[in-house]
Structures are given as C-alpha cells and as structure tokens.
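Tertiary structure, described
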Amino acid sequence: PLPWINVIANAGFGFQVSADGAGFTWAANSREHQLTPWSNDPVRDPPGQAFYIRDDDDGSLWSPTATPIRDAAGTYVTRHGWGYSRFDHAVAGLDLELLEYVPIADPVKISRLTIRNNSGRARRLTIAAWVDWVLGPSRAAAAPFTVTKVDPATGSLFAANHWYPAFAGRIAFFDLGGCQTSVTGDRREFIGRNGGLDAPAALAARAPFSNRVGAGLDPCGALQTQIELAEGASVEIVCLLGETIGDDAARALVERYRAADLDSVLAEVRNDWAEVLGAVQVRTPDRALDIMLNGWLLYQTLACRIQARAAFYQASGAYGFRDQ
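Values in this document were obtained by computation on a predicted structure and should not be read as measured data. (Residues numbered from 1 in each chain as written. Predicted model: local features only at pLDDT ≥ 70, side-chain atom pairs only at ≥ 80, totals over all residues. Heavy atoms only, no water.)

On to the side chain of threonine 225. You can see threonine 225 is positioned in strand 15 (residues 219–229). Under the relative-accessibility criterion, threonine 225 is labelled buried at 4%. From its side chain, threonine 225 meets the backbone oxygen of cysteine 179 in a polar contact 2.7 Å long. If we skip the residues at most four places from it in the chain, threonine 225 touches Leu125, Thr126, Ile127, Leu176, Cys179, Gln180 and Thr181. (Helix = DSSP H or I, 4+ residues; strand = E, 2+ residues; numbered from the N terminus. Buried < 20%, exposed > 50% of the residue type's maximum accessible area, 1.4 Å probe, protein only. Polar contact = N/O pair within 3.5 Å; in protein donor to acceptor, adjacent residues only side chain to side chain. Contact = heavy atoms within 4.5 Å.)

What follows is the structure in structure tokens.
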C-alpha cells in the first residue's frame, strides 16, 4: 500500500506525516525552506524525524511508529484527524502513544509521546528524539552550511543556515521539554558509519550523547533523556520542533510551549477546524460521499493546497493554478 499521509499546517508552518510516522516539516515555504527532508519515495517512505524508546536493562530498542523500527509481530494504529495525527503501538508491556499537531498560529510542531508501563515490573528507559536538518530546499545543498548549538538559557538545540540569504537569520529549535540530558548535532555519531535509523550507533552504545555541536559536521539533531517508570505508571515526553527569526524569539517559543496547557492548544486547533469545516453540510443518499464532502475535501483543500502547498508527490511551496 502507498503511504497514507496527513497534511497539518497553519499559515506559515507545518508538517506532513504518513501512517508509518514518516514525513517532513517546513517553515515559511514547503519547498524552499524545509526543516527536515521531503520525500516522495512510496517504497521506502523515509522519516525526517524519529523517536526511540530503549530498555536500559536488556538494550531492546523500539519506535512508537512503524518507522524507523518496525515490530513485525506488532500492530500499529494510525488516526489522521483534522489538524492532528495519533499513533498507537504496544510492545514488551509498554503502551506507546504519539500525538502530533501544530498550534493555530505559532511555528512549532508539538509531539507528545506517552508511555504506559503495563509490564508488571518497573522499567528503566532511555527516550531519544532525532531530526535530519535541511534548512533549505535540499539537504545536500544546505548541510555544509548548517551550524548547530545548544542554547545556554533553555538547553534546547538550535540550528541555523545563515548562508541561505532568502531565510538568513532564522533559527530552528529542537527540544525535549527541557528534560534532555545529552545532545548531539553530529549525524555520523548518531547513526554510525554505514549505519541506519533502524539501529542507531549512538543508542546501541548505551552512553550519553557527546554534546558535540557546531560547524563542519554532517548535521542532525538528537536529544535523549532517561526515565524510571513504575508498574502501572505513565509519563508524557513533549518534543518541540520549530523555527522563527532570531535566538530570542526561538527561546521564547520554547519556554512558552514548555509551560503551555497542551490539551488546550489541541482543543483550539480542533475547534477551529470544526468551525470552518462545519459551515456547510451536505446530505446525500450515500453515507460515504457525505463523510468525504463534510469536512475532508475542504480540510484537504485548505491544509494541503492553501496553507502547506505540499503533499506526498509534490512540495511546491507556491500558489497558482499550475502549482496547485
């Protein structure tokens, strides 16, 4: 089956995500300024962002989505909604839920990973989040000029490509809710030489990341933290990925969404879409046609063609009859 995606966007920022959890994120223009790589490969459907859960007792490694690590014996449930996508997977006594959305106006992707321990024993886990920085129209063009740093005030990872004049001065940020204990901006360190995202070398080593950031690296963003989860307990890890103009504005966004009521943010998104998409309702003898007309076609038109100007087979970033 081909990738089944959801396009989630506001007027100046957004992302698309497939049923397997792959996709890409952009800011300002979905073609010219990707934060993570766009792909239209229907076979590989590679992710530009990924989450990992590692059991620190036996070294087992899992993902909450079917990429980058697929549990052949497991079941993955994906729900695409108006303005959000939700993923569920259960493995080794852990119930994993990943919820992703963007606020109505701010340039930030919110990912909320919830882990519930139903294994009958306490668990020691490492949580890691990874992004493949682009900061331009393609990773190959922008990677030599991408510079990463750790913000001293918040501890979040910042990335910038000041060489690209159309978007110079913009700062991308990556944060694990302030609970990250180590970071790296070095893609080779995280993945390993000739390695892959299904078995990152940095997570196989069971050691903290090196905190290596700066210029001259094959750039990426990777954050990790450790948790201890009692039997029957649950924890939510919040990941923020976004971009704005200048360090101060990026720092302010990180601090705002660390402290925000994220349930209220999601409620605002859902209520806004319900108001827009519910303005006109169609009733026909065909229930399937009603479901398609009452919300989904209009949502697809607005989110995909007007706000994002991107989809699986094309990321144009442009308006106009030819492009859309």
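A few words on the sheet that holds strand 1 (residues 5–9). Spatially, three strands are ordered 1-2-3 in an open sheet, and the strand pairing comes out antiparallel. Two strands bound the open sheet, and with one partner strand each, they are strand 1 and strand 3 (23–27). Taking the axes of each pair of neighbouring strands and ignoring which way they run, one obtains an average angle of 10° across the sheet. Where strand 2 (residues 13–18) lies against strand 3, five bridges are found, and the strand directions are antiparallel. The partner of phenylalanine 13 across the bridge, within strand 3, is alanine 27. Across the sheet, helix 6 (residues 287–308) touches strand 1 and strand 3, and the angle it forms with strand 1 is around 60°. (Pairing = 2+ DSSP bridges. Axes fitted to C-alpha atoms, helices over the stretch in contact; angles between N-to-C directions.)

Residues Ile53, Ile115, Ile127, Trp133 and Phe174 are the most contacted members of the largest nonpolar core, which totals 40 residues. Per-element tally for this core: the top contributor is strand 10 (residues 123–131), with four residues. Beyond its immediate sequence surroundings of up to four residues, isoleucine 53 is in contact with Ser60, Leu61, Trp62, Ser63, Pro64, Leu94, Leu96, Leu113, Ile115, Leu125, Thr126 and Ile127. (Core = buried A, V, L, I, M, F, W, Y, C linked by side-chain atoms within 4.5 Å.)

Geometrically, a pair of aromatic rings is defined through the distance of the ring centres and the angle of the planes. In total, this model carries eleven aromatic pairs according to the counting rule given. Considering the side-chain rings of phenylalanine 190 and phenylalanine 209, the 5.9 Å spacing of their centres and the 85° angle between planes classify their relative orientation as edge-to-face. Of this pair, phenylalanine 190 sits in helix 2 (residues 187–191) while phenylalanine 209 sits in the loop between helix 3 (201–204) and strand 15; the two residues are 19 residues apart in sequence, bridging distant segments of the chain. Both rings, one in tryptophan 296 and one in tyrosine 299, keep their centres 5.5 Å apart while their planes meet at 80°; by these two values the pair is edge-to-face. Of this pair, tryptophan 296 and tyrosine 299 both sit in helix 6, three residues apart, roughly one helical turn. Classification of tyrosine 299 by relative accessible area gives buried; the value is 3%. Here the guanidinium or amino end of lysine 109 rests over the ring plane of phenylalanine 15, the centre of that ring lying 4.4 Å away. (Phe/Tyr/Trp six-rings, centres within 6.5 Å; stacked < 30°, edge-to-face > 60°. Lys NZ or Arg CZ within 6 Å of the ring centre and 35° of its normal.)

Looking now at helix 6. Leucine 293 marks where helix 6 bends most, by close to 45°. Looking only at helix 6, the buried set comprises Asp290, Asn294, Gly295, Tyr299, Ala303, Cys304, Arg305 and Ala308. Its side-chain oxygen 3.0 Å from the backbone nitrogen of alanine 288, aspartate 286 forms the N-cap of helix 6. Two residues or fewer after helix 6 comes arginine 309, characterised by a positive phi angle close to 50°. (Bend = angle between axes of the 7 residues up to and from the residue.)

On to helix 4 (residues 247–259). The end-to-end C-alpha distance of helix 4, which contains 13 residues, comes to 19 Å, matching closely the 18 Å that a straight helix rising 1.5 Å per residue would cover. Among the residues of helix 4, Ala250, Arg251, Leu253, Val254 and Tyr257 are the ones counted as buried. Each buried residue of helix 4 sits inside an arc of 160° when the element is viewed along its axis, so together they form one side. The exposed set on the far side of helix 4, more than 90 degrees from its buried face, consists of Asp248 and Ala259. Buried residues in helix 4 make contact with strand 9 (108–117), strand 12 (157–160), strand 13 (170–175), strand 16 (234–245) and helix 5 (262–277). (Expected span 1.5 Å × (residues − 1). Arc of directions from axis to C-beta.)

A separate point is the environment of phenylalanine 24. With respect to the helices, strands and loops of the structure, phenylalanine 24 is situated in strand 3. The class for phenylalanine 24 is buried, based on a relative accessible area of 1%. In this structure the C-alpha to C-alpha distance between phenylalanine 24 and tryptophan 133, which are 109 residues apart in sequence, comes to 10 Å. Not counting the four nearest positions on each side in its chain, phenylalanine 24 is found in contact with Gly14, Phe15, Gln16, Ser30, Gln34, Thr36, Pro37, Trp38, Ala310 and Ala315.

What follows covers the state of the cysteines. On inspection of all chains with the given rule, the structure shows zero disulfides. Not part of a disulfide, cysteine 220 finds its nearest cysteine sulfur in cysteine 239, a span of 13 Å. (Disulfide = S-S within 2.5 Å.)

Structurally, the position occupied by leucine 61 is in strand 5 (residues 61–62). Separated by 55 residues in the primary sequence, leucine 61 and arginine 116 place their C-alpha atoms 16 Å from one another. If sequence neighbours within four positions are ignored, leucine 61 has contacts with Tyr52, Ile53, Arg54, Ile69, Pro200 and Leu203.

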